[in-house]
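Residue-level structure breakdown
The residues making up each chain are set out below.
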Amino acid sequence: MDYMKILDELRSVPTLSGFEDRGAEDVLKLLSPYFDESRRAGVNCLLFTKKCGKENAPKILIDAHLDELGLIVTDLKDDGLLTVSSLGGMDKRTLTASVFTVHAAKDLRAVSVKKPYLITKDKKLPKYGEFWLFTGLSKTELTDAGVRVGTPVSCQRSTEKLGEGQYYGAYMDDKSCAVAGLIAVDLLRDKPLECDVVLMLSSQEESFGAGFPTGAAAVCPDEILVVDVDLGSTPETDDKDTVKMGEGPSVTVSVQTDRRLTKDLLRIAREKEIPAQTALCVKSTGTNASSSPFLLGGVPTACIGLPLKYMHTTVETLYEKDLINTGKLIAAYIEYRFGGKGGAQQ
Amino acid sequence: MKILKELMLVHGVSGRESRVADKIAEMMTPYVDSITRDALGNLICYKKGSAKNAKKLMLAGHMDEIGFIVTGVDDKGYIRVSSIGGIHYVSAAYSAVRFENGLRGVIVPEGDFNNNFSSSKFVIDIGAKSKKETERRVKVGDFASTVSHVEHLSGEYWAGRPFDDRIGCAIMVRAAMEMKDCKNDAYFVFTTQEEVGCRGSKTASFAVAPDFSLAFDVTGSGDGPKASPMAVSLGKGAAIKVKDSSVICDGGFVRFLDELAKEKKIPAQLEILEGGGTDTCSMQTAGCGSRATALSVPTRYIHSNNETISKKDYDACVALTAALLERDLGKERF
């Protein structure tokens, strides 16, 4: 399985926060071959299940969010410019002088424009309502093309390889983690398991979180591994706020995550010599794991982070080896916990 | 407007909505199969659908209004208050207020009126001579709101309070009256405590576990004096919600309502509200989730004593809701 190719294909499908259904069919087609069963559930979530074939088997849920950050059209001006608001929260530095795609009846290319800084001398971050999308089309042409209040807009999706096995591009967050889940399932392919493994691609993590609780309620899992990107260190950041790039997935220690699961993950990483690191988010993980304590009476949940630089920009950058090791750690945990002939569960 | 006016004049600050519930129960009785209330005070009116394998459609409008709660009485007999919901202090200053038991007073800022707005700077004067006299008539925990009223401006325009959200309740009542054949299992839920964090709708939608949900509430408009830009105007029809600051609505359901409005020639517009949440979010995430959106009435000066609406938009919401109830949602493609 060419993991980086699948990541590229997955990233090429627009699944903007709240508009995941538009890409659902494509994502289902892409990932279904690797699972026994796939379906939609909850609010725009996709569930992919690898079954162990045993009745009433426990279920472990791997959650990665499907949704992406973007913009939403709030008005069409008479001169054809589009005003927009935020869908999730993109890094504001990327909002102007960028290329976007307006997802109407067909996709339209647009550039984001602002009054020239040479005239305004404005050096502040752009505000919503004070920059526009320019498509070169008139208001009538835009209306005919199906552009309306509420049409979603996404960033440019191009990707390139950098040095040391690093890749950049928009929407590594959180499609890389979906691929990490896929890698885990691929590694477990021929292993006897005592559990069903469900990969959930949840909706709206970047906005209102409607996907995770509703999708998980449709599964009723016994354990949850939330996989999301984690802020990677760059030369100008502080170590206490970030995790190290290229040194494996992070396991989050937080009041919102389960002690036993967290400890087991770190121990297994040591035993199996999978690089991993500890991340400390005392109060909140800032991921879907945050709503777990309130889910279905509480489900033991761990939060695994894939180190990512320049988060929420169009040049999100990750190491291929971190991606592979995240998959390896998930697989190693599931095998330890629910492996055939007993596993730790008995 | 008669139903709406009647509902607006009833007292019902968040947490104390029972009077509004009584009134609505009286209005709804002839049109539904059962009426129940839950622990949070939500009024749940159920009408069985005529379709085979009917889908569950939950409609929700909140009964509560913003107001004040008594926290104490000072030495001179003025009443200290805390706010319930997002008070519009400019509008509240020097307004007449009414307590649950009908007692009248005026709410005033302490000292000279400056721009320092918060409930701790506001007191209610009920014209009492002493602390003792006030304490005889008012207790800690009593609820008050600025006095309700409705004014006809001209043409289709009306002003008053609280349109938020008795107009949502009125739309649901009128839709129940006007629908000819209810195809879906319809739950008309009149919710409590929306203004303090959508609390009623959370428990109600947990109990109902709907397939489809539609909230009814007011929304802003871009056509007020120096209003923040918004592609919603009074008089342009029912506003179908795409997004607000609590929810991104189901794309399929939004499209369906938009097309239904076109088919029935009901004026409608699409709405993105950048500040403010609604009961829509609770219904979307209840249980395994539901397809959710909202119909909003464009409103100027929300939470003031003179919220202003167009009757055309109100009528359009009623017509679109009745049309929705008559469609078998189990047979539609989303």
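Since we're looking at a predicted model, the values are computed, not measured.

Cut-off values and rules
Throughout this description, residue numbers start from 1 for each chain and increase along the sequence as written. Think of it this way: whatever chain is written first is A, whatever ligand is written first is 1, and the rest follow in order. pLDDT decides what is reported in this predicted model: residues at 70 or higher carry local features, side-chain atom pairs at 80 or more are listed and counted, and totals for whole chains, interfaces and linings draw on all residues regardless. Here the side-chain values reflect all heavy atoms present in the structure, with hydrogen atoms and water set aside. Secondary structure elements are defined from DSSP: runs of H or I of at least 4 residues count as helices, runs of E of at least 2 residues count as strands, and each element is numbered from the N terminus. C-alpha atoms define the radius of gyration, and 2.2 Å times the number of residues to the power 0.38 defines the globule rule. Any residue under 20% of the maximum accessible area for its type is buried, any over 50% is exposed, and the rest in between are partly exposed; the area is computed with a 1.4 Å probe on protein chains only. Note on contacts: a residue pair is in contact if any heavy atoms of the two residues lie within 4.5 Å. Note on areas: Shrake-Rupley with a 1.4 Å probe; residue coverage comes only from the protein chains shown. To form a nonpolar core, buried Ala, Val, Leu, Ile, Met, Phe, Trp, Tyr and Cys residues must be joined to one another through side-chain atoms within 4.5 Å. Note on terms: buried area is the combined drop in 1.4 Å-probe accessible area of two parts once they are placed together, counting the loss on both. Here, a salt bridge means any side-chain nitrogen of Lys or Arg that lies within 4 Å of a carboxyl oxygen of Asp or Glu. Polar contact is the term for a pair of N or O atoms within 3.5 Å; when the atoms are in protein, one must be able to donate a hydrogen and the other to accept it, and sequence-neighboring residues count only if both atoms are side-chain atoms. Residues are sorted three ways: Asp, Glu, Lys and Arg are charged, Ala, Val, Leu, Ile, Met, Phe, Trp, Tyr, Cys and Pro are nonpolar, and all the rest, Gly among them, are polar. For two strands to count as paired, DSSP must find a minimum of two bridges between them. Between the N-to-C directions of two axes lies an angle of 0 to 180 degrees, each axis being a line fitted to C-alpha atoms and, for a helix, fitted only over the stretch in contact. Per-residue confidence from the predictor is reported as pLDDT, a score between 0 and 100. For the domains described, the bounds stem from an automatic or database domain assignment.

**What to know about the overall build of chain B**
Scanning chain B for helices and strands turns up nine helices and 18 strands. The globule rule puts the C-alpha radius of gyration for 334 residues at 20 Å, and the 20 Å found for chain B is close to it. Considered along the principal axes of its C-alpha atoms, chain B spans approximately 65 × 40 × 35 Å. Counting the 334 residues in chain B, one finds 59% classified as buried. Of the contacts formed within chain B by residues at least 6 apart in sequence, a portion of 74% connects residues at least 24 apart.

**With respect to the overall build of chain A**
Secondary structure assignment for chain A yields eight helices and 17 strands. Over its C-alpha atoms chain A spans a radius of gyration of 21 Å, differing by no more than 12% from the 20 Å that the globule rule assigns to 346 residues. Seen through its principal axes, chain A has C-alpha atoms that stretch 70 × 40 × 35 Å. The buried share of chain A, taken over its 346 residues, is 58%. For chain A, the share of sequence-separated contacts (at least 6 apart) that also reach a separation of at least 24 residues comes to 74%. Total accessible area on chain A is roughly 14,700 Å²; 51% of this is exposed by carbon and sulfur atoms.

**Details of the nonpolar core**
Counting 93 residues, the largest nonpolar core has B:Ile24, B:Phe188 and B:Phe190 as the members making the most contacts within it. Contacts of B:Ile24, omitting those with residues within four sequence positions, involve B:Leu7, B:Leu43, B:Met63, B:Cys169, B:Val173 and B:Phe190. A:Val197, A:Leu199, A:Leu261 and A:Leu329 belong to the second largest nonpolar core, which has 58 residues in total.

**Re the interface of chain A and chain B**
With 26 residues of chain A at the interface, the matching set in chain B holds 24 residues. Summing both sides of the interface, chain A and chain B together bury roughly 1,700 Å²; the carbon and sulfur share of this comes to 62%. On the chain A side of the contact with chain B, A:Arg148, A:Val149 and A:Phe208 bury the most area, a combined 32% of that side's loss. Between chain A and chain B we count one salt bridge in total. In this structure, A:Arg148 and B:Asp258 form a salt bridge, with 2.4 Å as the shortest nitrogen-oxygen distance. Counting every contact that joins chain A to chain B gives two residue pairs in polar contact (both at pLDDT 80 or more). When residues of the side of chain A that touches chain B are traced back to their parent elements, those giving at least two are helix 2 (21-31), strand 4 (70-76), strand 5 (82-87) and helix 6 (211-219) of chain A. Broken down by class, the residue content of the side of chain A that touches chain B amounts to eleven nonpolar, eleven polar and four charged.

**Details of the sheet that holds strand 5 (residues 79-84) of chain B**
Residue and element names in this part refer to chain B. Strands sit in the order 4-5-8-7-6-9 around a closed barrel of six strands; the barrel is antiparallel. Going from strand to strand, the sheet's axes swing by 40° on average, the running direction of each strand aside. Two strands pair when backbone bridges link them, and strand 4 (residues 67-73) and strand 9 (residues 143-146) are joined in this way by two bridges, in the antiparallel orientation. Note that in strand 9 the partner of isoleucine 69 across the bridge is phenylalanine 143.

**Quick look at the pairing of strand 14 (residues 238-244) of chain B**
All names here are of chain B. In terms of residue burial, strand 14 counts as a mostly covered element, since seven of its seven residues are buried. Pairing of strand 14 with strand 16 (residues 268-272), which is carried by five bridges, proceeds in the parallel orientation. If you follow lysine 241 over to strand 16, its bridge partner there is glutamate 271. As paired strands, strand 14 and strand 17 (residues 291-298) are joined by two bridges and run antiparallel to one another. Within strand 17, the residue paired with isoleucine 240 across the bridge is leucine 295. Looking at chain direction, strand 14 and strand 15 (residues 247-248) are connected through two bridges and run antiparallel. What sits directly across from aspartate 244, in strand 15, is valine 247.

**Re the confidence of the model for chain B**
Confidence in the prediction for chain B averages 96 pLDDT; 100% of positions are at 70 or higher. Model confidence for the complex is summarised by a pTM of 0.90, with the ipTM given as 0.84.

**Here's the deal with the domain arrangement of chain A**
All names here are of chain A. The domain architecture assigned to chain A consists of domain 1 (3-68 + 171-338) and domain 2 (70-155). Domain 1 and domain 2 are separated by 32 Å when their C-alpha centres are compared. Contact residues are listed per partner, giving eleven residues for domain 1 and 14 residues for domain 2. Note on domain 1 versus domain 2: buried area summed over both sides is about 1,000 Å², and carbon and sulfur give 67% of it. Summed over the shared surface of domain 1 and domain 2, the number is zero salt bridges. Counting every contact that joins domain 1 to domain 2 gives four residue pairs in polar contact (both at pLDDT 80 or more). Partitioned by chemical class, the residues of the side of domain 1 that touches domain 2 number four nonpolar, four polar and three charged.

**Digging into the domain arrangement of chain B**
Residue and element names in this part refer to chain B. In terms of domains, chain B is made up of domain 1 (2-65 + 162-331) and domain 2 (67-146). Distance between the C-alpha centres of domain 1 and domain 2: 31 Å. With 14 residues of domain 1 at the contact, the number on the domain 2 side is 14 residues. In this assembly, domain 1 packs against domain 2 so that about 1,200 Å² is buried in total across both faces, 48% of it on carbon and sulfur atoms. It is His11, Arg16 and Asn305 that lose the most area in domain 1 upon contact with domain 2, and together they represent 42% of the buried surface on that side. Counting across the interface, domain 1 meets domain 2 through one salt bridge.

**What about the sheet that holds strand 11 (residues 157-161) of chain B?**
Residue and element names in this part refer to chain B. Strand order in the open sheet made by the three strands is 10-11-18, with antiparallel pairing throughout. Looking at the sheet topology across the chains shown, the edges are occupied by strand 10 (149-152) and strand 18 (307-310). Pairwise comparison of adjacent strand axes, ignoring direction, gives a mean angle of 25° for this sheet. Pairing of strand 10 with strand 11, which is carried by four bridges, proceeds in the antiparallel orientation. By the bridge assignment for strand 11, histidine 152 is matched with tryptophan 158.

**Digging into unusual backbone geometry**
Most peptide bonds take the trans configuration, and most residues that are not glycine carry a negative phi. In this chain, A:Asp173 is followed by A:Asp174 through a cis amide linkage whose omega measures 10°. Mapping A:Asp174 onto the fold places it in helix 5 (residues 172-187). Residue B:Pro162 is bonded to the preceding B:Arg161 through a cis peptide linkage, with omega at -10°. Along the chain, B:Pro162 turns up in the loop between strand 11 and helix 5 (163-178). Even without a glycine there, the phi angle at A:Tyr310 is positive, about 60°. Position of A:Tyr310 relative to the elements: it lies in the loop between strand 16 (301-308) and strand 17 (317-319). With a phi angle near 55°, B:Lys265 is a residue other than glycine that sits in the positive phi range. Classification of B:Lys265 as exposed rests on a relative accessible area of 74%.

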